[in-house]
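Results of the structural survey
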Amino acid sequence: MHGLNTLFPATDCSLILVILVMPLLGAIVNGLFGKRLGKSAVTLMALSAVGVAFLASVTAYSMLLTQQAQAAHAVGSHAEHPARLAIELWRWFQISAAKDGGPVPIDVAFSIDALSGTMALVVTGVGFLIHLYSTKYMEHDPSYHRFFAYLNLFIFSMLVLILGDNLAVLFVGWEGVGLCSYLLIGFWFEEEKNAAAGKKAFITNRIGDFGLLVAMGLLVYYVGALDWQGIQEGAHRLVTGVELTPTGGDQLIAKVFHALGVNSVSEWFLTPRYAMASTLVALMLFLGCAGKSAQLPLYVWLPDAMAGPTPVSALIHAATMVTAGVYLVCRMAPVFALSPSAMFVIALVGALTALLAASIAFAQKDIKKVLAYSTVSQLGYMFLGVGVGAFTAGFFHVLTHAFFKACLFLGAGSVIHAMHARIHDGDASQDMSFMGGLRRYMPLTFVSFAASWLAIVGFPGTSGFFSKDEILLKAFTSSIGLPNHSGMVEANRGAGGIPITAWPSWGSSLLFTLGVAGAVMTAFYMTRLFVGTFLGEFKGWTIIKGHHAAHNQHGHDDAGHQDGPVAGLDLEGEAPHESPWQMTLPLVVLGSLALFAGLLNMPLFGFEPLGHFLEPVFASVHTVVVRPHEHELAFSLLPFGILAFALGTGTALWVYVAQRGVPAQRFVAMFPGFHRLVADKWRVDEFYKEVVIGALELVADILVWVDKWVVDGLLARVTAGAVAISGALLRLLQTGRLQTYATAMVIGLTGIGWYLTVPHATAAVLGDVVTGTYTLEAPPGIGYAYRWDANGDGKFESEKFAEKRNLELKLERTERRQVVLEVRSAFGQIRRQTFSLERPAEDKSTDLGVQRIDVYPDSKGGRKGVVRRQPGQPNPIKAGSDHAGSAQ
């Protein structure tokens with residue numbers, strides 16, 4: 001390990017570039033040359049790129065473990081600072097929009113700590129297994145090389161996202177995975193529904209991306225940093241009040257209601273409202289996370305993402321895109337933890353998303369659609385965990401979910417692969433109504449799928465049991481308190497004494513109840529899927545030994561081919577068969593991890609190596625409040641998680657095994673309208689289409705009319721006419737006669753002379769707010785004379801004009817004074833200007849020196865001052881603090 005540390009020093013670790021560059025290299029080679037290289041070379045390049053990245057990630061993770069162990073040994077306990085490997089490549093750009101006026105540098109830099117290192121292992125490890133699986137699953141696709149180029153690019157983009165050392169670099173990867181999702185979801189773009197699904201994913205995510213951009217702007221302004229260390233150190237500056245609504249009688253809506261005599265409504269619009277800057281940043285960040293990780297109300301793109309090949313579904317749901325939002329919340333934990341209200345919103349939205357998605361999964365027949373809504377539901381659990389401040393528990397569920405959900409999706413793909421041997425119709429090959437009994441024909445797929453099913457339903461001892469039950473426990477025992485540690489302003493005193501909304505007293509009980517209800521529903525619909533796919537009798541076709549049916553040579557996937565036979569027992573064919581080893585090996589590996597990965601974090605039994613490794617990453621979070629006697633409560637609450645598993649699974653087995661689905665059929669017959677509503681996904685998509693998309697189409701129609709009749713019909717013709725008239729007039733001036741040009745010169749010289757003879761009453765103001773000494777300095781001019789009224793009382797210091805261009809005066813704290821300056825030119829013309837000076841109250845938060853105020857005309861004909869830092873002075877005036885004065 002010492003040799004690795006020498007070869008890859010922690011502050012200039014080029015090993016990070018190996019992790020990043022290899023998938024990018026694979027994407028470039030396969031994308032540009034894959035068609036000429038052939039499938040074997042494409043396969044080798046794609047697998048090698050991700051495989052080397054995985055090995056490099058393992059190496060980096062080992063270095064982190066060693067570094068953190070050494071640090072812990074040095075201090076005699078757990079390390080206080082996270083182990084970290086980093087590399088800084090170059091200065092990208094610089095922003096000068098911070099509140100304190102200082103520059104905010106943005107570097108192209110990458111780093112690995114416990115959080116990003118674990119994510120890198122998941123992305124490259126699970127990603128490699130999905131790549132291996134795809135080599136057989138997509139074997140007959142004519143765009144084989146294009147598929148692997150996109151797949152490699154997806155891995156690269158996700159690695160940029162998680163390894164970026166600041167939000168700007170993360171945003172590059174954030175947009176990269178959005179682009180790759182569009183390319184892969186719409187991979188079979190020849191069919192309209194596939195192309196539409198890709199566009200839906202892309203556009204929906206742009207809504208969330210807007211929130212992330214706004215949050216980045218707020219962080220630049222208030223914190224003055226976008227890198228992780230800078231955000232962590234400056235997060236306390238977000239505990240300040242921000243006015244959300246402007247005040248004053250010039251608000252149009254308030255004026256309308258006031259004119260109507262409805263003063264109460266008018267006053268409501270005029271009443272200023274405030275929020276904490278931390279809340280605004282956290283909510284905007286969460287908007288981005290909700291889009292990327294499919295939470296209410298932006299979850300609608302993820303189920304439609306099933307239009308892409310099944311390996312793409314596995315990659316999106318398990319190892320890349322949808323986990324990016326949870327990762328960002330964990331990475332920005334120091335910011336999120338400063339806002340109890342925002343954190344409660346995150347936890348509540350997560351719990352409600354878990355319930356809504358689970359309810360939709362009840363009525364779905366498409367095996368991939370059930371798994372898709374299952375992912376949405378499980379993501380809700382992750383946000384429930386991080387929302388209550390249990391960042392380690394939420395992130396651990398990301399890890400375990402990656403294993404069992406990748407296995408479930410790849411297992412579903414193996415089933416679809418077997419169904420495609422006889423049924424080429426894309427929808428029918430994924431319909432569970434035509435499955436059943438596959439455990440006899442596909443033993444490896446069955447065993448691995450069963451292991452992942454046990455994990456997701458929370459069978460005791462599996463990975464899902466430990467991660468999900470830990471979230472349920474934390475939902476009841478953890479909450480977010482008010483920020484109140486050194487370096488912060490008083491927690492409940494923002495601008496105007498605005499209180500920070502505390503965590504509701506009933507919040508924990510509500511979140512725990514919703515979480516348990518979601519666990520029961522998850523156990524039920526996943527057992528329904530498992531039974532309908534693998535148990536009972538096979539319903540795809542009548543099995544006849546020795547029957548040879550034509551295989552689909554266009555790819556064994558859910559591409560939606562409609563040229564094959566329709567499923568049903570009227571068909572005949574060979575028995576379904578197990579998938580090739582390239583597909584079953586990833587299933588066995590992922591199924592094993594789904595069973596035993598829970599051993600990495602078992603706080604209930606006092607064994608949590610992953611938790612200890614992640615602990616320094618979240619050490620700066622001080623607002624998480626844990627109920628007393630949490631360990632004793634854990635054993636009291638444990639039966640609820642086990643009961644949820646037993647109730648959901650037992651009920652599903654009774655309905656679909658013991659009663660052969662009769663109770664479900666009776667329920668549908670009794671409530672057909674309700675069943676159709678749930679099967680139609682609560683018609684949320686239809687609501688969006690009518691309300692949101694309909695409104696946008698109306699706006700688009702209006703803009704088309706404006707463009708046609710106003711822009712093209714009026715503005716274009718008017719401007720064209722103006723140009724034609726101007727040209728005609730100019731042609732009159734271009735006569736070629738010397739007398740005309742001489743006249744123009746005389747007129748121009750007269751105008752310049754008039755401007756030079758008119759006096760200009762301007763002045764620069766030098767002010768020292770510490771001593772209260774202010775100096776006004778008027779500019780020189782030919783023949784200029786000046787006189788000053790230092791008190792604004794109409795009495796000048798001298799009745800006669802003199803050459804004195806400067807005026808010095810001293811102001812007390814909060815004193816305001818009007819100063820009048822009159823300037824007379826050599827021709828006796830006089831101009832007057834009034835300056836308003838104010839010395840602000842003492843502000844001990846800034847170190848101010850002499851400031852310069854340059855005066856310029858404002859939009860109303862007065863004059864305003866802009867603060868300029870004088871050479872040699874320590875700090876510029878900060879926005880919102882003391883200022884030197886103004887002129888008007």
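Residues numbered from 1 in each chain as written. Predicted model: local features only at pLDDT ≥ 70, side-chain atom pairs only at ≥ 80, totals over all residues. Heavy atoms only, no water.

Considering the overall build of the protein
Across its full length, the protein carries 28 helices and 16 strands. Looking at the protein alone, contacts between residues at least 24 apart form 78% of all its contacts between residues at least 6 apart. With an accessible surface of roughly 39,100 Å², the protein has 63% of that area assigned to carbon and sulfur atoms. (Helix = DSSP H or I, 4+ residues; strand = E, 2+ residues; numbered from the N terminus. Contact = heavy atoms within 4.5 Å. Areas by Shrake-Rupley, 256 points an atom, 1.4 Å probe, with all protein chains shown as cover.)

Regarding the sheet that holds strand S13 (residues 816-824)
The three strands are arranged S11-S13-S14 in an open sheet whose pairing can be described as antiparallel. Both edges of this open sheet fall to strand S11 (785-789) and strand S14 (830-838), since each of them pairs with a single strand only. Direction aside, the axes of adjacent strands within the sheet are offset by 20 degrees on average. Sheet topology places S11 next to S13; five bridges connect them, and they run antiparallel. Among the inter-strand pairings, Ala-785 is bridged to a residue of S13, identified as Arg-824. (Pairing = 2+ DSSP bridges. Axes fitted to C-alpha atoms, helices over the stretch in contact; angles between N-to-C directions.)

Here we look at unusual backbone geometry
When glycine is set aside, most residues are seen to have a negative phi, and most peptide bonds are trans. Omega for the bond connecting Leu-296 with Pro-297 falls within 30 degrees of zero, at 0 degrees, which places this linkage in the cis form. Looking at where Pro-297 falls in the secondary structure, it is placed in the loop between helix H11 (277-292) and helix H12 (301-304). Even without a glycine there, the phi angle at His-629 is positive, about 60 degrees. Classification of His-629 by relative accessible area gives exposed; the value is 59%. (Buried < 20%, exposed > 50% of the residue type's maximum accessible area, 1.4 Å probe, protein only.)

As for empty space enclosed by the protein
A full pass over the atoms with the stated rule returns one cavity of 30 Å³ or more. The calculated volume of the largest cavity comes to roughly 160 Å³. Around the largest cavity, the lining comprises 14 residues; the ones closest to its centre are Asp-469, Glu-470, Leu-473, Leu-604 and Leu-638. Listed by contribution, the elements that provide at least two residues to the lining of the largest cavity are helix H20 (463-477) and helix H24 (630-658). Here the lining of the largest cavity takes six residues from H20, the largest share from any one element. Of the residues belonging to the lining of the largest cavity, the class tally is 10 nonpolar, two polar and two charged. (1 Å grid on protein atoms, 1.4 Å probe; cavity = no way out; pocket = protein on both sides within 12 Å on 5 of 7 lines; lining within 4 Å. Points joined across faces, edges and corners; volume = space filled by probe spheres on them. Nonpolar A, V, L, I, M, F, W, Y, C, P; charged D, E, K, R; others polar.)

Section: helix H19 (residues 443-457)
Relative to the 21 Å expected for 15 residues at 1.5 Å per residue, H19 spans 21 Å between its end C-alpha atoms, a close match to the ideal helical length. Among the residues of H19, Thr-445, Ser-448, Phe-449, Ala-450, Ala-451, Ser-452, Trp-453, Ala-455, Ile-456 and Val-457 are the ones counted as buried. (Expected span 1.5 Å × (residues − 1).)

Some remarks on the pattern of salt bridges
Applying the stated criterion across every chain yields a total of 18 salt bridges. Linking Arg-84 and Asp-165 is a salt bridge whose minimum nitrogen-to-oxygen distance equals 2.8 Å. Here Arg-84, found in the loop between helix H3 (39-75) and strand S1 (85-95), pairs with Asp-165, found in the loop between helix H5 (144-163) and helix H6 (167-185); they are 81 residues apart in sequence, far enough to count as distant. The exposure class of Asp-165 is buried, given its relative accessible area of 12%. Among the charged side chains, a salt-bridge network with shared partners connects Lys-200, Asp-304, Lys-681 and Asp-685. (Salt bridge = Lys/Arg side-chain N within 4 Å of Asp/Glu carboxyl O.)

Let's talk about the layout of surface pockets
The volume enclosed by the largest pocket comes to roughly 1,000 Å³. Lining the largest pocket we find 29 residues, and of these Arg-528, Tyr-656, Gly-661, Ala-664 and Gln-665 sit closest to its centre. Mapped onto the lining of the largest pocket, the elements with two or more residues apiece are helix H21 (507-534), H24, helix H25 (662-670) and helix H26 (672-679). In terms of residue count, H25 provides more of the lining of the largest pocket than any other element does, five residues in total.

Quick word on the environment of His-417
Considering the arrangement of structural elements, one finds His-417 in helix H18 (residues 391-419). Here the alpha-carbon distance between His-417 and His-577, two residues 160 residues apart in the chain, equals 9.0 Å.

Side note on a nonpolar patch on the surface
Together, Leu-89, Trp-90, Trp-92, Phe-93 and Val-172 make up a nonpolar patch on the protein surface, roughly 480 Å² of accessible area in all. Considering every element that reaches the nonpolar patch, the biggest residue donor is S1, with four residues. Looking at where Leu-89 falls in the secondary structure, it is placed in strand S1. (Patch = residues over 30% accessible without salt bridge, like charges linked within 9 Å, V, L, I, M, F, W, Y side chains within 5 Å.)

Some points on the state of the cysteines
Enumeration over the complete set of coordinates arrives at zero disulfides. In this structure Cys-289 is a free cysteine whose sulfur lies 9.5 Å from that of Cys-330, the closest cysteine sulfur available. (Disulfide = S-S within 2.5 Å.)

Some remarks on the packing of H11 against helix H16 (residues 340-361)
One way to put it is that H11 packs onto H16 with a least axis distance of 8 Å and a crossing angle of 25 degrees. Accordingly, the angle class assigned to the pair H11 and H16 is roughly parallel. The segment H11 lies against H16, with Thr-279, Ala-282, Leu-283 and Phe-286 engaging Ser-341, Ala-342, Val-345, Ile-346 and Val-349. Per-class residue counts for the contact of H11 with H16 are seven nonpolar, two polar and no charged. (Parallel < 35°, antiparallel > 145°, perpendicular 65-115°, else oblique.)

Quick notes on the pairing of S11
The buried count for S11 comes to five of five residues, which makes it a mostly enclosed element. Neither face of S11 is left uncovered, since the one carrying Ala-785, Arg-787 and Asp-789 and the one carrying Tyr-786 and Trp-788 both have all their residues buried.

Details of the packing of helix H4 (residues 114-137) against H5
Where H4 meets H5, the axes come as close as 10 Å, and the angle between the chain directions of the two elements is 175 degrees. The orientation of H4 relative to H5 falls into the category roughly antiparallel. Only Tyr-144, Phe-147, Phe-148, Leu-151, Asn-152, Ile-155, Met-158, Leu-159, Ile-162 and Leu-163 of H5 make contact with H4, whose side of the interface consists of Ser-116, Met-119, Ala-120, Val-123, Thr-124, Gly-127, His-131, Ser-134 and Thr-135. In the contact of H4 with H5, the residues fall into 12 nonpolar, seven polar and no charged.

What to know about the confidence of the model for the protein
On average, residues of the protein score 86 in pLDDT, and 88% of them reach the 70 mark or higher. Put simply, strand S16 (residues 863-869) is where the protein has its lowest mean pLDDT, 41, and H5 is where it has its highest, 97. Considering only residues more than four positions removed or in separate chains, one finds that residues 485-497, a stretch of pLDDT under 50, has 20 contacts. Below pLDDT 50 for its whole length, residues 549-565 participates in 56 contacts with residues either more than four positions away or in separate chains. (pLDDT = per-residue confidence, 0-100.)

Details of H6
Its 19 residues give H6 an end-to-end C-alpha distance of 26 Å, which sits within 8% of 27 Å, the value for a rise of 1.5 Å per residue. Among the 19 residues that make up H6, 14 are buried, leaving the element largely enclosed by the rest of the structure. Capping of H6 at its N-terminal end is provided by Asn-166; its side-chain oxygen lies 3.1 Å from the backbone amide nitrogen of Ala-168. (Polar contact = N/O pair within 3.5 Å; in protein donor to acceptor, adjacent residues only side chain to side chain.)

Some thoughts on the packing of aromatic side chains
The tally for this structure, following the rule as stated, stands at 35 aromatic pairs. Centroid distance Phe-344 to Trp-503: 5.2 Å. Interplanar angle 85 degrees. Geometry classified as edge-to-face. Of this pair, Phe-344 sits in helix H16 while Trp-503 sits in the loop between strand S5 (478-480) and H21, and the two are 159 residues apart along the sequence. Comparing Phe-344 with Trp-503 shows no difference in burial state: the two are buried. Centroid distance Phe-391 to Phe-618: 5.4 Å. Interplanar angle 25 degrees. Geometry classified as stacked. One end of the pair, Phe-391, is in helix H18; the other, Phe-618, is in the loop between helix H23 (609-614) and strand S8 (624-626), and 227 residues separate them in sequence. (Phe/Tyr/Trp six-rings, centres within 6.5 Å; stacked < 30°, edge-to-face > 60°.)

Examining the nonpolar core
Counting 214 residues, the largest nonpolar core has Ile-162, Leu-167, Leu-219, Trp-301 and Met-332 as its most contacted members. Excluding residues within four positions of it along the chain, Ile-162 makes contact with Ser-116, Met-119, Ala-120, Val-123 and Tyr-327. Leu-776, Tyr-786, Leu-821 and Val-823 belong to the second largest nonpolar core, which has 19 residues in total. (Core = buried A, V, L, I, M, F, W, Y, C linked by side-chain atoms within 4.5 Å.)

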